[in-house]
Amino acid sequence: MRIEGLPGDVFDGRPVIGICNTWSELNPCNAHFRELAEHVKRGVWQAGGFPVEFPVTSLGEAIMRPTAMLFRNLASMDVEESIRANPIDGVVLMCGCDKTTPSLVMGAASCDLPALVVSGGPMLNGKYQGRDIGSGTDLWRFSEEVKAGAMSLHRFMQVESCMSRSAGHCMTMGTASTMAGMVEALGLALPENAAIPAVDARRSVLAHLAGRRIVEMVAEDLRISRILTRPAFENAIRVNAALGGSTNAVIHLLAIAGRVGVPLTLDDWDRLGHDCPTLVNLMPSGQYLMEDFYYAGGVPAVARALGEHGLLHKDALTVNGKTIWENCREAPNWNADVIRSWDRPLVEHGGIAVLRGNLAPNGAVIKPSAASPHLMRHAGRAIVFESIEDYHRRIDDASLEAEEESILVLKNCGPKGYPGMAEVGNMGLPPKLLKRGITDMVRISDARMSGTAYGTVVLHICPEAAVGGPLAHVRSGDRIELDVEQRRLHLDVPREEMARRSREWRPVPPPMSGGYQRLYFDHVLQADTGADFDFLVGCRGNAVPRESH
Ligand code: FES
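Worth saying up front: this structure is predicted, and the values here are computed from it rather than measured.

Enquirer: Help me out: how do you make sense of the overall build of the protein in this one?
Expert: When helices and strands are tallied, the protein shows 18 helices and 14 strands. At 23 Å, the protein has a C-alpha radius of gyration in line with the 24 Å of a compact globule built from 549 residues. Overall, the protein is about 75 × 55 × 50 Å in size when its C-alpha atoms are taken along their principal axes. Sorting the 549 residues of the protein into buried and exposed places 61% on the buried side.

Shown next as structure tokens:
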């Protein structure tokens, strides 16, 4: 390491702080991370540590194919093995775009060193013709306008440049913002980490302070397992409900909990989040964007509201050495329209509803705050698409027998089926219905959906179609009943007929005969436990018993 120009005394035994960086030009949301890492380094030096920055696999949500989620577990292995194999005493995790947060936290959790997250921060609000537009959320809306013939492609491209105009990740309450909120709620990041815009100088200050603090954490031996406790996960689930956060958080938090051995189930999401109102008025559930959320008070203001209403484990420890309540008990709310008060919430019962029934014996999820109230109890005939290609082939066909009350069913998009459980669950509506002004229909699949998306969309059906779950046996014309209040998803087909269809079903072959995709197919778990690999669940510590020479 002397060839890097380091003086000899940096090897005097001072704490070596790894800065695990997901910078990549193929991941624009994290493209500013080299500069941000410099601020972390300043803090580390200042506190007497020795910073060493290293790259790990960066997952760009909008660019990777077939889906960034296919590579979350791979990236987590990269992180885990890089931390363990190198002489690192503590690590700062630089996270931004959707999957970079869970993959880094999963990897670090399996090593159990002191670890602290610095998020990259959201983009500035999109601005178009005098109004705010949000990444993802308005993109879906405008693309439907293009399909319905109400917006030209030229105008659409203009909108795109107005939407993505600064460094940072999607600035709606999509998965990146949600996961930044989750690490703050878990206590893994300094207060205000989630919402400071990427280009705000206070983001650099936070990175600097994180660099200082990780050195102290090493001295205190404050390991990630002391932060990631069951109460911390319960806090995060409730904060997610109050944020109106992404359904993707369900899968990622289940996977993170699995790495530290905290028992967390799908039903915990419903049980803990159900009584919790959605307070944060951000797209896709509401109106505002992350920049507004930061100016209004961010996650500390939300955590304070939860604490004042008995829905926060106040003594959960956070990375700054204080409890979450010590961090947030005096947090102000500067804008009661962005962060609503308890008696004037955006949605009375927020959170994630977990559905069960003969169509989803092991569960499925829906986000009520992003769904249409009139469809929360609904019955209709299925229009079945066997794959996403089948959907693309037929959805524009004017002869597709789709009515407003039909239910769109998409199969083979789960963890094994896609593979990688792509964000295709919010499939667009048939153009002939869009042209009639219909903006929402019930959609059901084993896929995920983007945290920026909205609609009455049932996701993560478990077991998925590709392993022969009941979803595999649904046929067009079958009647399906959805009752969110009763948490029920029912396929109205006699048991004997389902048994007959099941005998006719043939398994989906693996996507590839070798390589990573084959490893993924053979080892990925189902969505209800977080879609981790079976051999990655658990904490393996950071000890390396053997030398290399
Ligand atoms: Fe990276 Fe949305 S594409 S956060």
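Enquirer: How should I be thinking about the packing of aromatic side chains in this particular structure?
Expert: Within this structure, the stated rule accounts for ten aromatic pairs. Their ring planes at 50 degrees and their centres at 5.9 Å tell us that Tyr294 and Tyr295 sit as a pair that is tilted. Using a relative accessible area of 10% as the deciding quantity, one classes Tyr294 as buried. Note on Phe533 and Phe535: the rings are 5.4 Å apart at their centroids and 25 degrees apart in plane angle, and the pair reads as stacked. On the basis of relative accessibility, which here comes to 0%, the residue Phe533 falls in the buried class. On the basis of relative accessibility, which here comes to 37%, the residue Phe535 falls in the partly exposed class. These aromatic residues form a ring-pair network of at least three members: Phe71, Tyr516, Tyr520, Phe533 and Phe535. The ring of Trp325 has Lys314 sitting right over it, with the charged end atom 4.2 Å from the ring centre. The aromatic ring of Phe521 is capped on one face by Lys416, whose charged end is 4.9 Å from the ring centroid.

Enquirer: I would appreciate a short explanation of the environment of Met290 in the present structure.
Expert: Mapping Met290 onto the fold places it in helix H12 (residues 290–296). With 118 residues separating them along the chain, Met290 and Thr172 place their C-alpha atoms 6.0 Å apart. In this view, Met290 contacts Pro122, Asn125, Met171, Thr172, Met173, Ser177, Ala194, Ala195 and Leu282; residues no more than four positions away in its chain are not counted.

Enquirer: Where do I start with the side chain of His378 in this structure?
Expert: Structurally, the position occupied by His378 is in strand E9 (residues 377–385). What makes His378 buried here is its relative accessible area of 13%. A polar atom in the side chain of His378 sits 2.8 Å from the backbone oxygen of Glu405. Once residues within four sequence positions are removed from consideration, His378 is found in contact with Glu405, Ser406, Ile407, Val442, Ile480, Glu481 and Leu482.

Enquirer: Just to check I follow, could you spell out empty space enclosed by the protein for this structure?
Expert: Sizing a probe to match a water molecule and rolling it over the atoms shows the empty space that remains. Following the criterion strictly, the structure yields two cavities of 30 Å³ or more and no others. Here the largest cavity defines a volume of roughly 90 Å³. Around the largest cavity, the lining residues are Glu184, Gly187, Ala189, Leu190, Pro191, Val299, Pro300, Ala303, Thr318, Ile324, Asn327 and Cys328. Within the residue set of the lining of the largest cavity, elements represented by two or more residues are helix H13 (298–308) and helix H14 (324–328). Of the residues contributing to the lining of the largest cavity, the split by class is eight nonpolar, three polar and one charged. Volume-wise, the second largest cavity comes out at about 30 Å³. Lining the second largest cavity, in full, are Asn240, Ala241, Gly244, Gly245, Gly351, Ile352, Lys367 and Ser369. Classifying every residue of the lining of the second largest cavity by side-chain character gives two nonpolar, five polar and one charged.

Enquirer: What exactly am I supposed to notice about the pattern of salt bridges here?
Expert: Charged atoms that come close allow side chains of opposite charge to pair. Within this structure, the stated rule accounts for 41 salt bridges. Close ionic contact of Lys41 with Glu53 constitutes a salt bridge, the shortest N to O distance being 2.8 Å. Placement of the pair is Lys41 in helix H1 (residues 33–46) and Glu53 in strand E2 (residues 50–55), with a sequence separation of twelve residues. Judged by relative accessible area, Glu53 falls into the partly exposed class, the value being 32%. A salt bridge links Arg304 to Glu308, with the shortest nitrogen-to-oxygen separation between them at 2.9 Å. With a gap of four residues between them, Arg304 and Glu308 both fall in helix H13, about one helical turn apart. Its relative accessible area of 25% is what places Arg304 among the partly exposed residues. Residue class for Glu308 comes out partly exposed when judged on its relative accessible area of 47%. Each of Glu80, Glu81, Arg84, Arg259, Asp532 and Arg540 takes part in one network of salt bridges that share partners.

Enquirer: Even after reading the chapter, I still don't get unusual backbone geometry, so can you show me in this structure?
Expert: Negative phi values dominate among residues other than glycine, just as trans dominates among peptide bonds. Of note, the amide linkage connecting Arg65 to Pro66 takes the cis form, showing an omega dihedral of 0 degrees. Going from Met283 to Pro284, the amide bond is cis rather than trans, its omega being 10 degrees. With respect to the helices and strands, Pro284 occurs in the loop between helix H11 (266–273) and H12. Even without a glycine there, the phi angle at Gln129 is positive, about 50 degrees. With respect to the element layout, Gln129 can be found in the loop between strand E5 (126–128) and strand E6 (131–133). Despite not being glycine, Glu192 shows a phi value in the positive range, around 80 degrees. Mapped onto the elements, Glu192 comes out in the loop between helix H6 (175–186) and helix H7 (201–220).

Here is what the cut-offs are and how they apply
Residues numbered from 1 in each chain as written. Predicted model: local features only at pLDDT ≥ 70, side-chain atom pairs only at ≥ 80, totals over all residues. Heavy atoms only, no water. Helix = DSSP H or I, 4+ residues; strand = E, 2+ residues; numbered from the N terminus. Rg over C-alpha atoms; globule rule 2.2 N^0.38 Å. Buried < 20%, exposed > 50% of the residue type's maximum accessible area, 1.4 Å probe, protein only. Phe/Tyr/Trp six-rings, centres within 6.5 Å; stacked < 30°, edge-to-face > 60°. Lys NZ or Arg CZ within 6 Å of the ring centre and 35° of its normal. Contact = heavy atoms within 4.5 Å. Polar contact = N/O pair within 3.5 Å; in protein donor to acceptor, adjacent residues only side chain to side chain. 1 Å grid on protein atoms, 1.4 Å probe; cavity = no way out; pocket = protein on both sides within 12 Å on 5 of 7 lines; lining within 4 Å. Points joined across faces, edges and corners; volume = space filled by probe spheres on them. Nonpolar A, V, L, I, M, F, W, Y, C, P; charged D, E, K, R; others polar. Salt bridge = Lys/Arg side-chain N within 4 Å of Asp/Glu carboxyl O.

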